[in-house]
Amino acid sequence: MIPIKPEAMLDGELGYGFAGEHFSGSVNLYAMEYRDMLLETGKLSSSGYAIKENVDRGWRRGVELAAAWSPASWFRLDGNLTLSTNRIKDYTAFIEDWETGGYREEHCGNTAMLLSPSVVGMARVRVQPWSAGPSLSVDGKYVGKQYWDNTQNGDRCIPAYFVSNLSLSQEFRIRRTRLGLSLYVNNLLDNEYYAYAWVYRAWQGGDDPWYQETGIYPQATRNLMAKVSLSF
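Residues numbered from 1 in each chain as written. Predicted model: local features only at pLDDT ≥ 70, side-chain atom pairs only at ≥ 80, totals over all residues. Heavy atoms only, no water.

A. Main features of the environment of Y193. Note that Y193 resides in the loop between β11 (177-186) and β12 (194-203). In the structure, Y193 is positioned 178 residues away from G15 in sequence and 34 Å away in space, judged by C-alpha atoms. (Helix = DSSP H or I, 4+ residues; strand = E, 2+ residues; numbered from the N terminus.)

And the structure:
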């Protein structure tokens, strides 16, 4: 068994923020440099559990942007965007070989980290025409393409998706208490998407040499949720 080394990560960040009367914004650059990353490479223990091994180098580097604009007390617009590169250097996957009882090596080189989208963004609009009236909020979130495993194979990836939500809230004062009523419409556009997946691959030989099991986790289509809160 190959000895496991402790994983090390050096994080460097540089940011700038601005806050004015109606507008605020920030930008943050970051670089997370990994040494001896602990990753699942495909090898399994005798009882079938995934074994983690050291991979020499990896990194997460990117920029985070955020802004908010509120020209009047009844209107607010928020947004953020993250652009990143999340890579593993010189990655080799191990696939069970059912013919020999060992493993087949699949050298992938410089690959994208699993479940690490390079683009994530969100925008939200909130309006409250009357100070004591209801508030309405609509938001949308975009998540870029991400891979099921560390091999960066286009056949095993979660497609980019967009999901939006709507919320309506009202608060009432009843003597010394506050009664809050909220209604949420999640996945407003009724999009069909999934946000997580897994894959198991093995070499079985013969006319159909590759065996593969996959699983995806579909997210809920349009759905409603109500909330009642009471504050003393």
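B. Expanded view of the packing of aromatic side chains. Taken as a whole, this structure holds seven aromatic pairs when the rule is applied. Taking the centre distance of 5.0 Å and the plane angle of 40 degrees together, the rings of W98 and Y211 count as tilted. Of the two residues, W98 is situated in the loop between β4 (75-97) and β5 (103-112) and Y211 in strand β13 (residues 210-218); the sequence distance between them amounts to 113 residues. The class of W98 is partly exposed, set by a relative accessible area of 44%. Judged by its relative accessible area of 27%, Y211 is partly exposed. (Phe/Tyr/Trp six-rings, centres within 6.5 Å; stacked < 30°, edge-to-face > 60°. Buried < 20%, exposed > 50% of the residue type's maximum accessible area, 1.4 Å probe, protein only.)

C. Just the pairing of strand β3 (residues 50-72), in detail. Bridging between strand β2 (residues 23-44) and β3 involves 18 bridges; their strand directions are antiparallel. Within β3, the residue paired with F23 across the bridge is W69. One ladder, built from 14 bridges, connects β3 with β4; its direction is antiparallel. Bridge pairing links W69 to L77 in β4. Counting the residues that bridge the hairpin from β3 to β4 gives two residues. (Pairing = 2+ DSSP bridges.)

D. Broad picture of the side chain of S164. Looking at where S164 falls in the secondary structure, it is placed in strand β10 (residues 161-174). Contact partners of S164, with chain neighbours within four places excluded, come to D139, G140, V185, N186, N187, L188 and L189. (Contact = heavy atoms within 4.5 Å.)

E. Inspection of the environment of E171 at higher detail. Locating E171 in the fold gives a position in strand β10. For the pair E171 and G133, spaced 38 residues apart in sequence, the C-alpha separation works out to 7.8 Å. Ignoring sequence-local partners within four residues, the contact set of E171 consists of R178, L179 and G180.

F. Structural detail: the pattern of salt bridges. Summed over all chains, the structure comprises nine salt bridges. Between E33 and R57 there is a salt bridge whose closest N-O contact spans 3.5 Å. A residue pair is termed long-range when its members are at least 10 positions apart, and E33 in strand β2 and R57 in strand β3 qualify at 24 residues. Residue class for E33 comes out partly exposed when judged on its relative accessible area of 24%. Taking the shortest distance from any N to any O, the salt bridge between R156 and D149 comes out at 3.1 Å. When its relative accessible area of 12% is taken as the criterion, D149 is described as buried. When salt bridges that share partners are traced, they join E33, R57 and R61 into one network. (Salt bridge = Lys/Arg side-chain N within 4 Å of Asp/Glu carboxyl O.)

G. Highlighting the nonpolar core. Counting residues in each nonpolar core, the largest one holds nine residues, listed as Y34, M37, L39, V55, I88, Y91, A93, I95 and M113. Put simply, the parts of the chain that give this core at least two residues each are β2 and β4. Considering each element in turn, this core owes the most residues, four residues, to β4. In contact with Y34, not counting residues within four places along its chain, are E7, A8, M9, D56, R57, G58, W59, R60 and M113. (Core = buried A, V, L, I, M, F, W, Y, C linked by side-chain atoms within 4.5 Å.)

H. Summary view of a nonpolar patch on the surface. Together, L14, Y16, F18, F23, V27, L29, L65, W69, L77, L81, L83 and V125 make up an exposed nonpolar region whose accessible area comes to about 1100 Å². Elements with a minimum of two residues in the nonpolar patch: β1 (8-19), β2, β3 and β4. Within the secondary structure, F18 is located in strand β1. With a relative accessible area of 45%, F18 lands in the partly exposed category. (Patch = residues over 30% accessible without salt bridge, like charges linked within 9 Å, V, L, I, M, F, W, Y side chains within 5 Å. Areas by Shrake-Rupley, 256 points an atom, 1.4 Å probe, with all protein chains shown as cover.)

I. Representation of the environment of T151 within the structure. Structurally, T151 can be placed in the loop between β8 (146-147) and β9 (157-158). Among the residues examined, T151 registers a relative accessible area of 13% and is labelled buried. Each C-alpha atom of the pair T151 and T92 lies 8.2 Å from the other, and the pair is 59 residues apart in sequence. If we skip the residues at most four places from it in the chain, T151 touches Y91, A93, E106, C108, T111, R156 and R201. In this structure the side chain of T151 is engaged in a polar contact, spanning 3.0 Å, whose partner is the side chain of R156. (Polar contact = N/O pair within 3.5 Å; in protein donor to acceptor, adjacent residues only side chain to side chain.)

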